[in-house]
Every structure is written in structure tokens, then in C-alpha cells.
Amino acid sequence: MAHQRHPSFPPTWPRFPPAILAVLAVSLALFYTASLLLPHSPSSNSTNHRRPPPPPCGGAATDLAAGRWARDPLRPARSLYDGTCSFHRNAWNCLRNGREGIESINSWAWYPDRCGGEAIPRIDPEAFLSFMRGRRIGFVGDSLNENFLVAFLCALRSADGGARKWKRKGAWRGGYFPKFDVTVAYHRAVLLAKYTWQPAEHSTNQDKKGVKGIYRVDVDAPAADWVNITKFYDVLMFNTGHWVKELTHHQFVRWGPDKFPTETPLVFYRGGEPIDPPLGIFDGLKVVLQSMISYIEKEVPKKTIKFWRTQSPRHFHGGDWDRNGSCLFSEPLRKNEE
């Protein structure tokens, strides 16, 4: 019999999860939809058209957005992996580096509105890998996908002690789980679209004072980092967007001034020509998203399960990530908090 949970919810519900907890919700979505890849046995009574049962808690699309964070008294305080996971970058290894509040973070769970007070169950790495046996999962995008991948690989590693690093097919990083013949890898393509550096003497912005050159973004051309790998994977997860930062409700600037400062701006091209009138960073992002989604729908095999990962809230306090900001919060972000 399943244990009944009776959590004491706080009076004001947290609505947006911190980025470090996103691995749980996305993992469950992958876990459920992976079953679509498996062959289904025909019904013993072909005339019996019963309505399929509802997906388990965490399996419906609405479960990832409509709900609240609360502490789960039945959730163990320890992680699925420890600081020895070989898939981690040393700088990102929160467990090894002594990140404050890990035990508290691990006690939070996501309670979808649809689930009647039940929390999404913790991912079962062995069950997930069994579902995905013989299949390949690919991530394409910026560092948000890479961050997720590292946590995902470390969680899955707990079910296969023989897991090893995997970097073929042009992957930036990845892992192979021989016990289940499952491959999980990440292809770094921060803008998804192709972008190249052009020095000032070859750029359309050479008349602008202080411009050293441009990053030409071909909105209708996928980046070479992933354009030739889509038929290799059974599941693909795409993301981009953390190359913009919102200052006010309608004002956007370049994210990461070390990447795209004013002296080396992004200039958007279509059909080999600069888009006229020139696009700002936010409008350029929208055009890139529309173009890449259209390309994915047309060129990626229909049998491939596709996900699009949305943005996570920014959670730095007292400065940005490279300006002495910290993210040592003890509670999830609430509505209208950043």
C-alpha cells in the first residue's frame, strides 16, 4: 500500500522552482514519455476501445507547471549521487565543494495540482534506464542543458557502476551506460542557429565607432554542432535563451557581456543577407526560435521524441553570477521574485 503524505504547506505557495531542482520535473517527463518509444502489445479484444488510463503523477504536461513546492517528509535528505561522480566539472560539484543547504534542498518536492496532494515520485534511475534500453538521449543548447545533463548523468550512474564518459558524434560531453546500452550526451549550441565571428573590416557594422567586429547569426541555418546528429538520437531536448537578460518588463540586453558586448554585437542574417531593418537581441531571439522550431519539425525524424526546455528563473542575489552574486537561498522563489 502506498504511504499517504500529509505535508504542511506554507500559507504562500512557491510557484517557480530554483534551477537546481529542475532535474526532478524534467526527469519524470522523460521517464513517462520514454514509454512511447516502446512497442505496445495489441489488445486481446480489438473491439474494446477503452479510454487509456490517465498518466501517473508527474506524467502529464500540466504537472510540470501547475503546482507548488513544499517539503516532503518522506523524501530522504541525501542525493541520488555523491561528490565522487566523474561526470561533474569540479567547479560545479556542489556536494564536493560543500554547497550550503544541500540537505534542505533535497527535502523539497514538487506537488502538481492534478495529483491530489501527492508529490512527484523521485526518479528511479534503474527503471528509467530499463525503459530506455538500447536508446540514445541527446541534449542540444546552452549551459542550462549542460547543467541539467551533469545532474542527470550522475543520477543515472547510481544504477550502473560501469557508466563511463562518452564524447563521440561531436558531443561536448556525455555518458554511456553499458548495463542498459543507453547513451546520454550534450551538444553545445548556445544560440542553436549558426553564428560566426567577422572582424570589423568584413562586417556591416564597421562604420560604428568602437565596433571590433560582429557575430553573424544566420537565423535560418542550424549550428554545425547539432545539424548532423539528429537521426542518431531517439530523444532530443533543445534549449536556448540565456543569452538575453530582462531588465524591465519590455527591456532586454545581452546576457553575458563577456560574450556579446557592444563592441562585438550580434547581427542577424537571413538568406545570406543582413536582416533589414536590423533586429535587436530580443527580436533576434524570437526569429531564431521560430526558424529552429520549423527546422526541427521538418528535418528531425518524426519518431524522435522532442522536448523544448524553457527558461528557469534567475536566482542570484547581490549581483550577477560574475559580479559576486550568490544563490544561497533556503526557500524556493515565490511569485514575482527574482
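Residues numbered from 1 in each chain as written. Predicted model: local features only at pLDDT ≥ 70, side-chain atom pairs only at ≥ 80, totals over all residues. Heavy atoms only, no water.

### What about the overall build of the protein chain?
Across its full length, the protein chain carries 6 helices and 14 strands. Across the 338 residues in the protein chain, those meeting the buried criterion constitute 44%. (Helix = DSSP H or I, 4+ residues; strand = E, 2+ residues; numbered from the N terminus. Buried < 20%, exposed > 50% of the residue type's maximum accessible area, 1.4 Å probe, protein only.)

### A closer look at the packing of aromatic side chains
Inspection of every chain in the model, using the stated rule, returns 13 aromatic pairs. A ring pair is formed by Trp226 and Phe238, whose centres lie 5.3 Å apart and whose planes are at 70°; its orientation type is edge-to-face. Here Phe238 lies in strand β9 (residues 235-238) and Trp226 lies in helix α5 (residues 224-227), a separation of 12 residues in the sequence. With relative accessibility at 0%, the residue Trp226 sits in the buried group. Every member of this aromatic cluster is reached through a ring pair, and the members are Phe128, Phe139, Phe148 and Phe152. (Phe/Tyr/Trp six-rings, centres within 6.5 Å; stacked < 30°, edge-to-face > 60°.)

### Digging into the sheet that holds strand β8 (residues 213-222)
Pairing is mixed in the open sheet, where 4 strands are placed in the order β7-β8-β12-β13. Each edge of the open sheet is held by one strand with a lone partner, namely β7 (193-199) and β13 (273-274). The strands touched by helix α6 (residues 281-299) are β7, β8 and β12 (266-270); relative to β8, the strand with the most contacts, the crossing angle is about 30°. (Pairing = 2+ DSSP bridges. Contact = heavy atoms within 4.5 Å. Axes fitted to C-alpha atoms, helices over the stretch in contact; angles between N-to-C directions.)

### Side note on the side chain of Ser107
The topology assignment puts Ser107 in the loop between α2 (102-106) and β2 (108-112). Those residues within four positions of Ser107 in sequence are excluded, and the remaining contacts are Ala70, Arg71, Asp72 and Arg75.

### Things to note about the nonpolar core
Within the largest apolar cluster, 28 residues are counted, with the highest numbers of intra-cluster contacts made by Val140 and Trp226. Counting residues per element, this core draws most heavily on α6, at 5 residues. Phe87, Phe128, Ala159 and Val182 belong to the second-largest nonpolar core, a separate cluster that totals 25 residues. (Core = buried A, V, L, I, M, F, W, Y, C linked by side-chain atoms within 4.5 Å.)

### Describing the sheet that holds strand β6 (residues 182-188)
An order of β4-β5-β6-β3-β9-β14 is seen for the 6 strands of this open sheet, with the pairing classed as mixed. Every other strand in the sheet has two partners, leaving β4 (164-165) and β14 (305-308) as the edge strands with one partner each. Bridging between β4 and strand β5 (residues 173-177) involves 2 bridges; their strand directions are antiparallel. In the strand pairing of β5, Arg164 is matched with Tyr176. Lying over the sheet, helix α4 (residues 143-157) contacts β3 (136-141), β5, β6 and β9, oriented at roughly 160° with respect to β6.

### Focus on the environment of Ala189
By secondary structure assignment, the location of Ala189 is in the loop between β6 and β7. On a C-alpha basis, the gap between Ala189 and Trp226 in space is 7.2 Å, while along the polypeptide they are 37 residues apart. Discounting residues that sit within four places of it in the chain, Ala189 has contacts with Val140, Gly141, Asp142, Ala223, Asp225 and Trp226.

### Notes on the state of the cysteines
The full count for this structure, using the stated rule, is 2 disulfides. Two residues, Cys57 and Cys115, share a disulfide whose sulfurs are 2.2 Å apart. Classification of the bridge connecting Cys57 and Cys115 rests on its S-S torsion, roughly 110°, and on that basis the disulfide is right-handed. You can see Cys57 sitting in the loop between α1 (22-33) and β1 (67-71) and its partner Cys115 sitting in the loop between β2 and α3 (125-131), a full 58 residues away along the chain. Under the relative-accessibility criterion, Cys115 is labelled buried at 12%. (Disulfide = S-S within 2.5 Å.)

### Topic: α4
Between its first and last C-alpha atoms α4 spans 21 Å; for 15 residues at 1.5 Å apiece the expected length is 21 Å, and the two agree. Those residues of α4 not exposed but buried are Leu144, Asn145, Glu146, Phe148, Leu149, Val150, Ala151, Phe152, Leu153, Cys154, Ala155 and Leu156. For α4, the N-terminal capping position is held by Asp142, with its side-chain oxygen 3.0 Å away from the main-chain nitrogen of Leu144. (Expected span 1.5 Å × (residues − 1). Polar contact = N/O pair within 3.5 Å; in protein donor to acceptor, adjacent residues only side chain to side chain.)

### Describing α6
Three or four residues apart is the spacing at which side chains of an α-helix point the same way, because the helix has 3.6 residues per turn. The first and last C-alpha atoms of α6 sit 26 Å apart over 19 residues, in line with the 27 Å expected at 1.5 Å per residue. If you check which residues of α6 are buried, you get Ile281, Gly284, Leu285, Val287, Val288, Ser291, Met292 and Ile296. Take α6 and look down its axis: the buried residues cluster within an arc of 165°, on one side only. Exposed side of α6, more than 90 degrees from the buried face: Gln290, Glu297 and Lys298 are the residues found there. (Arc of directions from axis to C-beta.)

### Section: the pattern of salt bridges
Tallied over the entire structure, the rule returns 7 salt bridges. Where Glu146 meets Arg89, a salt bridge forms, and the shortest distance between an N and an O atom there is 2.9 Å. Here the residue Glu146 occupies a position in helix α4, and Arg89 occupies one in the loop between β1 and α2, the gap between them amounting to 57 residues. Taking the relative accessible area as the measure of exposure, Glu146 reaches 1% and is therefore buried. Between Glu146 and Arg173 there is a salt bridge; the shortest N-O distance is 3.1 Å. Highlighted residues: Glu146 in helix α4 and Arg173 in strand β5, separated in sequence by 27 residues. Taking the relative accessible area as the measure of exposure, Arg173 reaches 18% and is therefore buried. (Salt bridge = Lys/Arg side-chain N within 4 Å of Asp/Glu carboxyl O.)

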